[in-house]
Amino acid sequence: MEYNHSEIEKKWQKKWEQEKSFKVEVDKNKEKFYMLVEFPYPSGVGLHVGHVRVYTASDVQARFKKAKGYNVLFPMGWDAFGAPAEQYAIKNHIHPKKAVEENIQVFKGQMQDLGLAIDWDREFSTTDPEYYKLTQWQFLQFYKAGLAYKAEKEINWCPTCKTGLSNEDAQGGVCERCGSQTTKKLKNQWVLRMSNYADKLLDGLDDTEFLDKVKTAQINWIGKSIGASVKFKLKDTDDDLEVFTTRCDTLFGVTFMVMSPEHKFLEKYKDRIKNLEEVKAYQEEAKHKSEIERTDMTKDKTGVKLNGLTAINPVNGEEIEIWISDYVLASYGTGAIMAVPAHDDRDFAFATKFGIPIVQVIKEPNTSEDTLSCAYTGDGIMINSGFLNGIDKKEIAIDKMITFLEEKNIGKKTVNYRLQDWIFSRQRFWGEPIPMIHCPECGWVPVPDKDLPVLLPDVQSYEPTEDGESPLANITDWVNVKCPCCGHDAKRETDTMPNWAGSSWYWLRYMDPHNNNAIASKEALDYWGKVDLYDGGMEHATRHLLYARFWNIFLHEQGLVPNSEPFLKRISHGMILGSNGEKMSKSKGNVVNPTDMVKEYGADALRLYEMFIGDYSKDAAWNENGLKGCRKFLNRIWNLQSKLNANAGYTPSLESIINKTIKKVTHDIETLDYNTAVSALMILLNEMDKETSITKSDYATILQLLNPFAPHITEELWSKYGNTNKLLAYEAWPTYDETKTIDETIELPVQVNGKLKGTILIPLNVEETYVKDTVHTQFADLLNGKNIAKEIYVKNKIFNIVVK
RNA sequence: GCCGAUGUGGCGGAACUGGCAGACGCACAUGACUCAAAAUCAUGCGGGAAACCAUGUGGGUUCGAGUCCCACCAUCGGCACCA
């Protein structure tokens, strides 16, 4: 017999809503648990079955922790600024605000159909003026702390989106919004000083329980590297050409230097450069290359020698030629390097191509000194290196060189980071306006707090402009204002914030979402504290997660939030792939719509299936037959009601398996092993089905254990057969008796030479002689005429006989 | 190139600190019910006639290895002309 899922699911969803079953308030008598899942962009296409997996897993945690007695905060909201909403609006010729409203309704409806235990009273969108007022206010705190500045910067530029991008948004030279190749463009930008926080972002990881791969991704992105800065005198000038190196021990092997094509000395000393035309041509060429072309390692090295400029090696006074090449990046270190071709692959390739001398300073073991067919980068004895000669450990040589450089004041120990400041300006319409005003008299002036929020104006066209200006720049009514300082005519900043701004503090807002005066009340911030469990995709490991931590560390320093680190534990989930094992996409025709699945099989079956589909952290391919199987399981749970008898307590023959299952499901939910938790429930059902009848207690327990996965059907059956009149959603999690999870008789495997020959039944913890006798009796045939060399008994585990 | 992860039946996947490999589900096969089909229920289901052989490949440690060690192969992910 099948149950009517639509009827039951609607019934309980309505009940939970009416009773506000999942509404939560600060309650200091209870321990809190904050379950956070990344809030979605409400795009036009609706929920993906991948969302269902993540939200269900979070919901299982939320319901489970609630049943365990925690005060659970499980909120949801909308990250609605940024590309998807804007693209959808442009395509459908509606205002982004309207598009967002429509899409939120679709998303929310789909989430409610899943029966998620969300406190909807805490819902908000990053595009709500009440919310972005506070985003703007926080930007101003960065500004006032000297951490937001406007600067002419070489930035990543997406020619398709016509907007600037941060380094994080242009990873690998590809625009995160549209996938186009990015180029470099010099632009006046708002920037946040995130690089000042590199060490704090690294050290803070120790206070988290992030997955190792998440930590590693962040550590790689921050890219801390310890070395030395060294000054090379520019011959016949007062300037030094400063470089950063991690191998200052090879300083005697420097035979040339390389500046990036953007280096400022090229402009400063253009009069001295004799081949300026050639240099200019090279600079121009570099400028027009995309990031991908520039960083393509397979291409040949290119470069131009600067005629008329030379440097002096500070350790031996030798004159060194200077080149420019695009393999040196303007954005890292000092934008110039000392080249040691004997011991660096890139420098070696460059020197070989252009016929520059190569001086070996580290002796490669077991070779003669003059056979260098490629750069040698290993350990060896220092040679041709003056006071370093004979040292055979690079650490010692480096230390000695740093001491020398510092004594002579020509260099010092330096730390460099790959992490750069956060380019915070976007030339797009659909984002938070940056609340700054430019006055010809006063310069940049922050919008006073009382004038926040700076609302987005209603406009005719929100398409990006050709000239790289924000679409807001054309709206003169909006742009022209009086200076808040002196009253002079002034202009608003027309750039908007990146979509990462709104998501950089949203978890704080959930704590107290209707507070008109502050991010959240002190009471709420103190009580809810850190997010206990934060679920999100790996694609955010070096973007959202880095920005959010940076933002929170800053707020903490300002005394605005109690913790420096916002998230205790970060986990990531695998994707749901199409049935062909490929990523779901319209063009591949393998998209599964969760709404169709809910209609046909029910939300409970869909939830259960997505929890059962496989290891939560790994990708899994969709298989509708698997979903059918889970629906079948729920039908069998439903039909179990026909087997109920009037006996009290657990059925004796089921007592052990019930206790074991409570233990396993509890453990597996805690360790996020949802698939094995579901499997344990299936095993329990199979056992119950074998009985001719079961008790109400038997039934009640399996319903409770199943409840986090399939909340509707269990709630319905609980209302008929449960132990209490309360909703199952309010019931405490079942407990188990450890002694009842232990079997008194065990089946012991018996091996001969490590190969399984059979099993014997023995009482638990029985003495070894008994086991030995039993084995010898039961396996007499096998042992007959054999020479027993050794017998190994591992208590209650195995009996192994070694024969010759 | 560096760092990390993964590799188990036809498929998704189980297997705690080394101790019965393949739990659970799907698919498949046979049977029951049915005029028939679907649904449901029951049984079987890694290979091999068997001894045995099987957890990417080749070695090793061990009474015993999916699990530990060494080498390699493959796939995926992160970083990458980062000095």
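Just so it is clear, the structure is predicted and the values come from calculations on it, not from any experiment. (Residues numbered from 1 in each chain as written. Chains lettered and ligands numbered in written order. Predicted model: local features only at pLDDT ≥ 70, side-chain atom pairs only at ≥ 80, totals over all residues. Heavy atoms only, no water.)

## With respect to a negative patch on the surface
Taken together, the side chains of Asp379, Asp392, Glu395 and Asp399 define an acidic patch exposed on the protein surface. Turning to its location among the elements, Asp379 is positioned in the loop between strand S12 (362-363) and strand S13 (381-382). On the accessibility criterion, Asp379 (41% relative accessible area) is partly exposed. (Patch = residues over 30% accessible without salt bridge, like charges linked within 9 Å, V, L, I, M, F, W, Y side chains within 5 Å. Areas by Shrake-Rupley, 256 points an atom, 1.4 Å probe, with all protein chains shown as cover. Salt bridge = Lys/Arg side-chain N within 4 Å of Asp/Glu carboxyl O. Lys, Arg positive; Asp, Glu negative; His and termini not counted. Charge placed at Lys NZ, Arg CZ, Asp CG, Glu CD. Helix = DSSP H or I, 4+ residues; strand = E, 2+ residues; numbered from the N terminus. Buried < 20%, exposed > 50% of the residue type's maximum accessible area, 1.4 Å probe, protein only.)

## Description of the nonpolar core
Side chains that are nonpolar tend, in soluble globular proteins, to be buried together. Core analysis: the largest hydrophobic core is formed by 170 residues, its most contacted members being Phe139, Trp507, Met511, Trp622 and Phe709. Here Trp622 is in contact with Val49, Ile576, Leu577, Gly578, Ser579, Met584, Val592, Met597, Leu606, Tyr609, Glu610 and Leu627, once residues within four sequence places are set aside. Counting residues in each nonpolar core, the second largest holds 51 residues, with Leu241, Phe256, Trp323 and Ala397 among its members. (Core = buried A, V, L, I, M, F, W, Y, C linked by side-chain atoms within 4.5 Å. Contact = heavy atoms within 4.5 Å.)

## Some remarks on the sheet that holds strand S26 (residues 788-794)
Think of a sheet as strands paired side by side through backbone hydrogen bonds, with each pair either parallel or antiparallel. Spatial ordering of the open sheet is given by S25-S24-S27-S26, a layout of four strands whose pairing is mixed. Each having just a single partner strand, strand S25 (755-763) and S26 make up the two edges of the open sheet. Averaged over neighbouring strand pairs, the angle between their axes works out to 20° when direction is ignored. Alignment of strand S24 (residues 745-752) against strand S27 (residues 798-803), held across three bridges, turns out to be parallel. In the sheet register, Gln751 faces S27, and the bridge partner there is Asn800. Across the sheet, helix H24 (residues 768-778) touches S24, S25, S26 and S27, and the angle it forms with S25 is around 130°. (Pairing = 2+ DSSP bridges. Axes fitted to C-alpha atoms, helices over the stretch in contact; angles between N-to-C directions.)

## Examining the pattern of salt bridges
Inspection of every chain in the model, using the stated rule, returns 43 salt bridges. With its nearest N and O atoms 3.9 Å apart, the salt bridge here joins Lys144 to Asp449. Here Lys144 is found in helix H5 (residues 129-144), whereas its partner Asp449 is found in the loop between strand S17 (443-446) and helix H13 (476-479), with 305 residues between them in sequence. The exposure class assigned to Lys144 is partly exposed, which follows from its relative accessible area of 48%. Looking at Asp449, the relative accessible area reads 38%, which means it is partly exposed. We note a salt bridge from Asp239 to Lys268, for which the minimum N-O separation is 2.7 Å. Of this pair, Asp239 sits in the loop between strand S6 (225-234) and strand S7 (240-245) while Lys268 sits in helix H8 (residues 264-268), placing them 29 residues apart in sequence. According to the relative accessible area criterion, Asp239 is buried, its value standing at 17%. A cluster of three or more residues bridged by salt bridges with shared partners is formed by Lys20, Lys23, Glu25 and Asp121.

## So, the sheet that holds strand S21 (residues 567-572)
Taken together, four strands build an open sheet; the order of strands is S2-S1-S20-S21 and the sheet is parallel. Since the sheet does not close on itself, it has two edges, and those belong to strand S2 (71-73) and S21, each with one partner. Along the sheet, successive strands turn relative to each other by an average axial angle of 20°, direction set aside. Pairing of strand S1 (residues 32-37) with S2, which is carried by three bridges, proceeds in the parallel orientation. When the bridges of S2 are listed, Phe33 appears paired with Val72. Docked against the sheet, helix H2 (residues 49-67) engages S1, S2 and strand S20 (531-536), running at close to 175° with respect to S1.

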